[in-house]
Amino acid sequence: MTVRRLDEGMINRIAAGEVIERPASVVKELVENAIDAGATAVEIVTAGGGKSLIRVSDDGGGMTAEDLQLSVERHCTSKILDDLLNIATLGFRGEALASIGAVARLQIATRVEGAETGYAISVSGGRIEGPKPIAINRGTRVEVKDLFFAVPARLKFLKSDRAEANAITDIVRRLAIANPAVTFVLAGADRQEVRFATDDVTASTADLQAERLRQVLGSDFADNSVPVDVSREGVRLSGRIGIPTFNRANSQHQFLSVNGRPVRDPLLLSAVRGGYSDLMPKGRYPVLALFIDIEPKDVDVNVHPAKSDVRFRDAGLVRGLVVGAIRRSLEDGGLRADTGGTAAALRALKESRSQVHYPNNGQRAGFQPQTSPHRPLDWNYRENGFQNGATANGTDNRAALHEAEQPGFQETGAPSARTEFEPAHSSHTAFEAHPLGAARAQIHENYIVSQTADGLVLIDQHAAHERLVYERLKTAHEDNGVKTQILLIPDIVDLTIEEAGTLMAHAEDLKALGLVIEGFGEGAIAVREVPALLGKVDAVSLLKDLADTLQETGSAALLADHINAVLSTMACHGSVRSGRRLRPEEMNALLRDMEKTPAAGQCNHGRPTFVKLSLTEIEKLFERR
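Here goes a summary of the coordinates provided. These numbers were taken from a predicted model, which means no experiment stands behind them.

Time to look at the overall build of the protein. For the protein, the count of helices and strands is 18 helices and 28 strands. Put simply, the protein has 625 residues, and 46% of those count as buried. A total accessible area of about 31,500 Å² is found for the protein, and carbon and sulfur atoms account for 50% of it.

Spelled out as structure tokens, the structure:
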């Protein structure tokens, strides 16, 4: 087969296939150019989901006629000289404009400060016209029409106008969060205008970030998140992370940036999962915005043309920083309940109130309660709370609050999971000053009603105690070390040479977690001991998964996750069951333990353990405010 040189147009279209995947890719490249040019305001206008029109205007430094002519040629850039290991700008490849011009109709108009006139240049399917003089304010305006007209086959792979418009919105949101000092306006015939404004450019970076997060993620995020600000060995991590019960159905609400560059890096996403490893419900994802500031020489952004992946010189340091910061910030944030749970409870109460049935044509006079499979309860006020009186048929159905026949509260799961609640001697009034207040009642033998100084709290006793037992099991496990089980006959696992080498390089780390391995010839591993908690282990699957994780993250966290999953199961079986009646002192002891236990706001499966209602919200339900 004859070897021939590709013409310039074909080269540009091939390059465009890597750089320009969809309209959102065009927006990303053009906005990044505007930010690199020092813009303080960027306007993006689209039509047809960006297929028919994308216009990006900025107030940056602009270009001279000579720079403009070079800007549409491949591998021409003003952003780097000869050092790919020290990139401080968002763009640097010099491919974007040439790639866009190869597959669309491109026009660029620009003027530098102090110049008598601006200049415009046009590129259509790779054919260049200009530059020529034009009247324009300082800055640059880039207009892209008929995207992929030169490669119509690519149009078949694009989604609907709405889907492409949403992808553009997502890109702009990520760039806006990563660059809070820049004002962004997103408008067009295919959308409602969105504006992320920066009114005070002199404000601190932290204040700018906080305001931008409020604009993009809403005030709910501020109410349901905690701050992060840590540094280690020249790497700084800042931002806000949502509490575990404030979560979404996908990871699109996780905003990560490295030196102002929005990224979707596998290492960082894995670190986020690690930080929330035993706090998040299955299939749910936390909401967060994290900013990493690191020396440019310590991160390689020249990994992929889309520039969404990066490689860190010390990946273990960055991953450990993210995982540790998330866990520490959630602990420092204290006991928190998702405000969304409170809102849902209020909506449910309002709806149930509107659906109450009144006999006699809706007249309240002569109202008789409807029959129910559950006997109505006659609650009588007592000095220290409530007591359930006799039911309609005369049966004494005492509530859990005053069950004198129950001695002390003791629940035992695994031997190490023993929990004892000592009787409380403080008064209810004193308890009300605590975050979770004083226990007043137990309903349906699973939910504790507690009164606080300014409202009430509804607690799921099983979910709450499950978290308490789990945290105690983990502490005991860490204090006493990992118990191992010696295999009578070692398991011999055949792997690739690369997988075996990766595992042996981390043999000491794995040993600390209870997995003892040895090399057994080329590409084989002998498993001699396994963590006793895991019981019968599928060594082949475990080692292959560990090798994949170690190659991706350099961390043996997967094995620790397996152990924690077993501890979580043990905690579930060793905690207070639904239907268990508790005395007042037992309920109050449970609340006090929750207040001093990290992550007590959600159970091991990520579900909330309590819902708060303020007195103001309660009074609104009864139209007292």
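Time to look at the packing of helix α2 (residues 23-36) against helix α4 (residues 96-103). Two numbers describe a pair of packed helices, the interaxial angle and the distance between the axes. Between α2 and α4, whose axes approach to 10 Å, the crossing angle comes to 140°. When the interaxial angle is binned, α2 and α4 end up oblique. As α2 packs across α4, the resulting crossing turns out to be left-handed. Packed against α2, whose contacting residues are Val26, Glu29, Leu30 and Asn33, the element α4 presents Ala96, Leu97 and Ile100 at the interface. Taken together, the residues that form the contact of α2 with α4 break down as five nonpolar, one polar and one charged.

Right, let's talk about the packing of helix α8 (residues 266-275) against helix α9 (residues 315-332) for a bit. Put simply, α8 and α9 touch, their axes get as near as 8 Å, and they point 35° apart. Judged by the sense of rotation from one axis to the other, the crossing of α8 with α9 is right-handed. For the pair α8 and α9, contact is made by Leu267, Leu268, Ser270, Ala271, Val272, Gly274 and Gly275 and by Ala315, Val318, Arg319, Val322, Val323, Ile326 and Arg327, respectively. Partitioned by chemical class, the residues of the contact of α8 with α9 number nine nonpolar, three polar and two charged.

Take the sheet that holds strand β15 (residues 288-293) next. Taken together, the five strands give an open sheet; going across it, the order is β9-β10-β15-β12-β13, and neighbouring strands pair in mixed fashion. Since the sheet does not close on itself, it has two edges, and those belong to β9 (225-232) and β13 (261-263), each with one partner. Each strand axis lies, on average, 20° off the axis of its neighbour in the sheet, ignoring direction. Across six bridges, the pairing between strand β10 (residues 235-242) and β15 is antiparallel. Its bridge partner lying in β15, Ile241 is registered against Leu288.

Bringing the side chain of Arg467 into the picture now. Mapped onto the secondary structure, Arg467 falls in helix α12 (residues 461-480). Classification of Arg467 by relative accessible area gives buried; the value is 0%. Among the polar contacts made by the side chain of Arg467, one reaches the main-chain carbonyl oxygen of Ala599 at a distance of 3.3 Å. Setting aside anything within four residues of it in sequence, one finds Arg467 in contact with Asp278, Leu279, Pro598, Ala599, Ala600, Gln602, Cys603 and Asn604.

What follows concerns the sheet that holds strand β26 (residues 516-519). Sheets are built from strands paired through backbone hydrogen bonds, the pairs being either parallel or antiparallel. Reading across from one edge, β25-β27-β26 is the order of the three strands in this open sheet, with antiparallel pairing throughout. Pairing within the sheet leaves two strands with one partner each, and these edge strands are β25 (484-494) and β26. Between one strand and the next, the sheet's axes are offset by a mean angle of 20°, whatever the strand orientation. Direction of pairing for β25 relative to strand β27 (residues 524-531): antiparallel, over a ladder of seven bridges. When the bridges of β27 are listed, Thr484 appears paired with Pro531.

This next bit is on the packing of aromatic side chains. Under the definition given, this model contains one aromatic pair. Where Phe221 meets Phe246, the ring centres are 6.5 Å apart and the plane angle is 45°; that geometry is what we call tilted. Here the residue Phe221 occupies a position in helix α7 (residues 219-223), and Phe246 occupies one in the loop between β10 and β11 (247-248), the gap between them amounting to 25 residues. The aromatic ring of Phe149 is capped on one face by Arg105, whose charged end is 3.8 Å from the ring centroid. Between the NZ or CZ atom of Arg174 and the centre of the ring of Phe255, over which it lies, the distance is 4.6 Å.

Thresholds applied
- Residues numbered from 1 in each chain as written.
- Predicted model: local features only at pLDDT ≥ 70, side-chain atom pairs only at ≥ 80, totals over all residues.
- Heavy atoms only, no water.
- Helix = DSSP H or I, 4+ residues; strand = E, 2+ residues; numbered from the N terminus.
- Buried < 20%, exposed > 50% of the residue type's maximum accessible area, 1.4 Å probe, protein only.
- Areas by Shrake-Rupley, 256 points an atom, 1.4 Å probe, with all protein chains shown as cover.
- Axes fitted to C-alpha atoms, helices over the stretch in contact; angles between N-to-C directions.
- Parallel < 35°, antiparallel > 145°, perpendicular 65-115°, else oblique.
- Left-handed = near helix turned anticlockwise from the far one by under 90°.
- Contact = heavy atoms within 4.5 Å.
- Nonpolar A, V, L, I, M, F, W, Y, C, P; charged D, E, K, R; others polar.
- Pairing = 2+ DSSP bridges.
- Polar contact = N/O pair within 3.5 Å; in protein donor to acceptor, adjacent residues only side chain to side chain.
- Phe/Tyr/Trp six-rings, centres within 6.5 Å; stacked < 30°, edge-to-face > 60°.
- Lys NZ or Arg CZ within 6 Å of the ring centre and 35° of its normal.

None of this, on its own, says anything about what the molecule does.
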